[in-house]
Every structure is written in structure tokens, then in C-alpha cells.
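Here is how the chains run, residue by residue.
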Amino acid sequence: MAIHPPSNRLWWKEPIHGIELAWIVIAFLWGLFMFFFMIAWHFIGQQNLSNETYKIKPEVYAERVEAFAAEFQAVADDGTPLEEDGVPVVRPPVGGDAYILARLWEFWPILELKKGESYRIHLSSADWQHGFSLQPTNINISVHPGYEHIITLTPTESGSFGIVCNEFCGIGHHTMTGRIRIVD
Amino acid sequence: MTTIDQGALNGTRAGTSWRACRFSGLRIESSAEALIKVNAVAAVLFLALGGLMGLMVALTRWPAVQLLPAEWFYLVLTGHGANVLLFWIIFFEIAVLYFASAVILGSRLAAPKIAWFAFLLMVVGAVMANYAVLRGDSTVMFTSYPPMMASQWFYLSLIIFAVGALIAVFVFFATLVVAKNERTYDGSVPLVTFGAITAGIIAVFTLASGAIILIPTWLWSLGLITNIDTLMYKVVWWGMGHSSQQINVSAHVSIWYAIGAMVVGAKPLSEKVSRMAFFMYILFLQLASAHHILAEPGMSSSWKIVNTSYMMYLAVMGSMIHGLTVPGAIEAAQRRNGFTRGAFEWLTKAPWGNPAFAGMFLSLVMFGFIGGISGVVLGTEQLNVLMHNTIYVPGHFHGTVVAGTTLAFMAMTYLVVPLIFQRDILWPGLAKWQPFVFGIGAGGISLFMMGAGTLGVARRHWDMSLTDAAHAYEFPAAAYLMMGLNGISAIMAAVGGVMFIVIVVGSILAGPRLDQPGAKLTFPLHDKSREAVSEYGSHATLKLPGTLILVGIFFACFILYYFVNWKYLSELWLFN
Ligand code: HEM
Ligand SMILES: [Cu+2]
Ligand SMILES: [Cu+2]
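Residues numbered from 1 in each chain as written. Chains lettered and ligands numbered in written order. Predicted model: local features only at pLDDT ≥ 70, side-chain atom pairs only at ≥ 80, totals over all residues. Heavy atoms only, no water.

Caption draft 1: Inspection of the coordination of the iron atom of ligand 1 at higher detail. Residues and elements named next belong to chain B. Donor atoms from the polypeptide that bind the iron atom of ligand 1 are His80 (NE2) and His398 (NE2), placed at 2.0 Å. Geometry at the iron atom of ligand 1 is octahedral, judged from its six donor atoms and the angles of 84 to 180° they form at the metal. Of this pair, histidine 80 sits in helix H3 (residues 70-105) while histidine 398 sits in helix H14 (residues 392-421), and the two are 318 residues apart along the sequence. By the burial criterion, histidine 80 is buried, and histidine 398 matches it. (Donors = N, O, S within 2.8 Å, 3.2 Å for Na, K, Ca; no water. Tetrahedral: all angles 85-135°; square planar, octahedral: opposite > 155°, others 65-115°. Helix = DSSP H or I, 4+ residues; strand = E, 2+ residues; numbered from the N terminus. Buried < 20%, exposed > 50% of the residue type's maximum accessible area, 1.4 Å probe, protein only.)

Below is the structure:
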């Protein structure tokens, strides 16, 4: 029994049973397959988290986002700056850099992107760790202060998308949201 | 039982007192017994506290109820994580380690004074942590990611607790040495002890990385260090946080084997295979903290892929092997016991009325199907982005650590109470149902949190309706439904938890005494004389059709669910 010493003192010399051996081989091959599939997805898949990251001081990052928002502020036909819920809407150039600042407790500013175009999205935090959770698309990425993370993002549907913070960031955590608008 | 005879010859040493267990034939030394008792009791008390907090958290996350105000929710959630994941589990594990060394090997406990000191440190740490959390200035979650800072008492309490646990693990190792030197057993250590050794070795690594990360963090909270790198903190913290989960797995797999042996007379199919599977946990798990870092910036993809899998998922393979050999050993034993009809008579006629068996088997099934499969999917580099930090993650680990580990520990308690406390189980009618009530509740919270997470609901989040948020966002109605069902399952799990605590505390205090001559166990251990055949099968003819079918179903579910998630991933926006 499993609570007694092995009845065969030379247990390591016992042959392995056929059923066990077969399962070991299957489990091993499945493990190998899963390992190679992660690598393969970098070639065949189009959803791979970029690891392009730079160290940056949180204040410096915050300034960059402000400058970016001022430069590409979207304006309505009558020339007034576009806002939603009091937050500026920013239209980065197609293929260009776009910045999102996570801070207590909002994702700032609102980006307006074009469907089917790629953008280099910069993500970093001004204070604590936050969680970038794009909904309902369900793309979830951690955001750290001090690290500027750049992902190339290509939206494939249009509409208004929510960003919900999903890393606990203090008492206002459940009020921390943001928005991305995708236009055709 | 050569074990016991030899022990009787060699184990007498001044100052130790012994008794022979009438039911199991084990020789039990009194200080080992006392330390198993106190650690088990402390574990159950922290489970009661932490479980209550879990219920409050779940009822708050039920949007129609939203029991606690936000501030209390985050505070109670911090307390829940610490009390159940650290204190309940680790106190119980120390009891298991002492049981697997001193009791199973028929040895005295090495250095009982030091073991008491370790226990004291752990109690001080655990109580201090609760004090720090309840004061309200340490609402940082048990992961305490910087730069969010808790009070110094919080970090200090965890350090004290970890040091206590580390000392207890060394007492376990010393007991193994004593047993070997005093030759209390013959040949190699039993499989259950081997599994416990695995748990002990991993525990040393784990507690060491815990100290490496918590000591600088504590100094930082005292103002002696100015900056903690947020990314490095996560990498090292999860070196403790993840590996410690492997202690749980090793401990509860050992318990599966132990309960199988004690209740239906299961022998490992092959000692070699089962031991190798334990050994894989040690070899391939140490740095598996990587799968907690998959959605972080700053680590390369190759680092992530290599460290999340070690090329071939050998630790997963270890668990998959136990997933065959544990039910296989039970099937073989039941066939020896005479239940040979069809593929499943061994299972349908198993002692389901014995809560130790029922809890063990439910734990085995739910750990594999819910916790195991979802864990591999979450730990896949790209798939992680689908559910990182959503409530899918707590769904997954309630499948491992609640439906798996906690249920197995509860099942084991139904044997520890009669064998160590020498009290029979009170209210057997209630005890019979307890594993099912708790198990179904725990399975429910796991599945429904996974469901809500798939729909994007965040973890550690007070208000999924985002009422006070700057920008509104509405989760789909199905997500609300899932969180409601989660609340209902939580009530069920809590009822099962209360049943457990009432039965255990009642039995310890007022259960029928078993140290009287003629006393009988309500839930009997395996009776060898009732075996229909003494050997079942041989290496060439052993047939386990029922186990093969179960394993086949498991593997089919695994593959299917794995690819469903890739399909889902392929439909996301493109990013690289
Ligand atoms: C009555 C039983 C239990 C219920 C109803 C329950 C429910 C929950 C819920 C709803 C969450 C919160 C998810 C979130 O908002 O992020 C949670 C978190 C958690 N639970 Fe449980 N739980 C129970 C028992 C346990 C047990 C026995 C363990 C460990 C052995 C455990 C470990 C954890 C951990 C580690 C967390 C994460 C805390 C954090 O995010 O910091 N739970 N539980
Ligand atoms: Cu946040
Ligand atoms: Cu947050």
C-alpha cells in the first residue's frame, strides 16, 4: 500500500506497465506539441504580445502623452475640440504612435483609430500598476509604472470599446475605465 | 507489518511515549501526535475565518446583492487570500508532513521543542497579518504588488509566518533522518512519504524566495529602501507564489494515494512511475512563475515560452500521470475487493458514503478537469492575454486549490480525527453529504468565475456595472448571470464549509472516544480480510477499463478546450 514501504524492495527494477507507458508517451507528446504550438503561433498567428519595452520615468511618460494629445486632438467640423465625458478624443496618424496613460483612476485620453489600420500603442502608468483590459474584445495586458510597453494594434471591428482596469489599484479601482473609438 | 515490529525494537528512546493505533496498526509517538493536532486545529480555524471572508467576497461580487461597501470588499478580499491560501493550507501541510514522516514511518518526531517554536511563530505571523489587514492600512491583496504599500506589520507578519513554516519543514526532514537512523521502517520510504518529501523540498525553495522578496519589501515599507522594481518583484514573488502551489499539489496527491490505501486498500500500480511523477514536480517547477508574467511588458517571448513550459510541460505531465495512476490504483484495489463487473462497478460500488473517499475522488476529478485544464490554457503564452487578471483566474485556482487541495485536505481530516484525535466522527449522516455539498459549491464557483472571466469581467473588482466610472461600459447580461450563479455556488460551498467545521470541531470535542477497548469506526478503514483476491492482475494482464475510459474523456476535453481557446484568440484584433 502507498502508506507502506514498497513490497518489492527493488521497486525501481519492476517493468513499467503497458497502460502507464502508453499514457506517459501520450502526455509527453502532448506537452511537446503544446510547447511547439506557442512557437508556431509567432509565425502563423496574428495575436502575439509584443515585448518592445523601454524604461522610462513616469513623469516623462506623462509629459509625452500630454504632448501627443495636444498635437493630435480631434476637432469637430465646426472647429471645436472633440471630447467625451470631459476627456479629449485624439486621432493619431494611421500607422503612427499613439499613447495611453494609465493613472489613478482613468485611462487617458480617448483614442480614435481606423478599422483595419495599424498603430503603435504605447502603454505605461503614472503611478501604480494597472490592468489594460479592452472590452468586449478581451485583450488583457499589465501596465507598469516605469516601463513603456509598445504594441502594434490593428482593430478589426468598428464601434466604441471600453478599457476596464483589471489590476487592483486602490479604492478607486472599480471606477477606472477608458475608451477607444474605432471608425470605418 | 515489519514496519511496526522493527519500530518497537528500535524506537524506544528515553522521553518518548508511544501508542499503537488499533485501526491502522500505526505506531504513534505522543509529541508527533500533539503537533499534528495543533497544526490541524489552527488550519481549520483559519479556514473558518478565511472561508467566511470568501463568502462575503462572493456575495459582494453578486451584482444583485453587493453585500460589502467597496473599502470593506478590498480589505476582506486581502484577508481571504491570506487566510485561506497561506494559513489554512500551510498549517494543514505541516500537519501532513508530520503525519507522513513520524506517523507513517512509525518514528518519533525530531526536535519537538523546535517544532513547537515553529508552530508558535506561524501563529504569531498569521494573527499579526490579520491584525494588519483589519487595521485597514494594508489593503494591498495578498500579492502586495508595489508601488502600492502596506503597513510594515503586514510584510513582517508574512516573514515571521514563512520562517516558522520553514523551521517546521526542517523538523520534517530531521524526522526522516531519525526514522532512517533508528530503522523504524524497512526498505524505501512509502510512496505517501515520498510525495511529502517532494512537497518539503519545494517548500524550502518557495519559502526562501518568499524571504528574498519580502525582506526588501519590508525594508522599503520602513523607508530603508527607496524603490522596488515592479517587474522584478512580480518575477520573484511568483517564484514563491507559484511554487507554493506545487507544494499543495504534491501534498494533495500524496493524500489521494494515502486515502486510497487506507479506505479501499489501493497499492500504487507501479512505484517507479508514481515516484517519477512526483520527482518531475521538483525538477520542472521552480521557475514556473513565468506563467504569471505572460501579460507583462519587459520579458522576451522566448523567456516566457521556455519558462512557462520548460520545453515540454513535464510538471503537467507529472500531474497527468497521477491522474491515471491514482484512479488506476483504486480500480485495481476495488477489483481485488471483488467489484469486477463491467467497466465501472469498482466506481459505483466504491465507499461513496465515506466522506474520506468521496472527498478524495471528487477532489481528483475536479482538480483534473477544472483546475488542471484551465491552468494549462492560462499558462500558454498567447492564450493568457485572453484572460489575464480577469475573474477567470480566480475561477481556475478555486478549481485547483479549493475543489482540489481543500477538498482533499477535508477528506484527510476525516481520517486524522479518528486516528490522531482518537475520536469518532459525530453526525455521520451529515458527514456523508459534506464532501458533495462543498465539492459541488467549489466546482460551481470555479466554473462560473471562469465563465464570467471569459466574458471579460475583472478580478478583484467591486463593481462590474462600473456605475461611478468616468466612462460607462456595460458587460453582457450573461456575465451578470454568471456572477449571480457564482454567488449561489458560494453559498453552497460555505454551507459545506460550515458542515465541515461543525463536524470536525464537534467530533474533536465530543465525538465518541476511540481509545476504549472494542470501539469501532463509523467509517471503517480497508479490511484486508475481505479482499476477494490477494493479487489483482500481473504486469502482463492488469486491466483497468474504467480508468482508461475516464482518462480518455479527460484527454478529449483537454484537447477540445485547448483548441477552442486558440480559435477564440484568432478572432481578436491583431496585435504584435
Ligand atoms: C466558501 C468558500 C470560498 C468562496 C465562496 C470563495 C470565493 C472567492 C471569490 C468570489 C474570490 C474573489 C475573486 C475576485 O474578486 O477577484 C476569491 C478570491 C480568492 N480565493 Fe476564494 N473562496 C472560497 C474559498 C477559498 C479557499 C479555501 C481558498 C484557498 C485554499 C481560496 C483562495 C482564494 C484566493 C487566493 C483568492 C484571491 C485573492 C486575491 O485576488 O487577492 N478561496 N474567493
Ligand atoms: Cu487601475
Ligand atoms: Cu485598477
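Caption draft 2: Highlighting the site of ligand 1. Residues and elements named next belong to chain B. Neighbouring residues of ligand 1: 24 residues in total, closest Arg61, His80, His398, Arg459 and Arg460. Between ligand 1 and the protein, one listed contact pairs a nitrogen atom with a side-chain N or O atom of histidine 398 at 2.7 Å. Between ligand 1 and arginine 460 there is a distance of 2.6 Å, counted from an oxygen atom to a backbone nitrogen or oxygen. Mapped onto the shell around ligand 1, the elements with two or more residues apiece are helix H2 (30-61), H3, H14 and helix H16 (477-510). With seven residues, H3 is the single largest residue contributor to the shell around ligand 1. Residue composition of the shell around ligand 1, by class: 17 nonpolar, four polar and three charged. (Near = heavy atom within 4 Å. Polar contact = N/O pair within 3.5 Å; in protein donor to acceptor, adjacent residues only side chain to side chain. Nonpolar A, V, L, I, M, F, W, Y, C, P; charged D, E, K, R; others polar.)

Caption draft 3: Fine view of the coordination of the copper ion (ligand 2). All names here are of chain A. Coordination of the copper ion (ligand 2) by the protein is provided by His130 (ND1), Cys165 (SG), Cys169 (SG) and Met176 (SD), with metal-donor distances spanning 1.9 to 2.5 Å. In this structure, the copper ion (ligand 2) is surrounded by four donor atoms whose angles at the metal cover 90 to 131°, and the resulting shape is tetrahedral. Counting gaps between the donor residues of the copper ion (ligand 2) yields the pattern H-x34-C-x3-C-x6-M. Between the copper ion (ligand 2) and the copper ion (ligand 3), both coordinated by cysteine 165, there is a metal-metal distance of 2.6 Å. Of this pair, cysteine 165 sits in strand S11 (residues 159-165) while methionine 176 is found in the loop between S11 and strand S12 (177-183), placing the two residues eleven residues apart along the sequence. We classify methionine 176 as buried; its relative accessible area is 0%.

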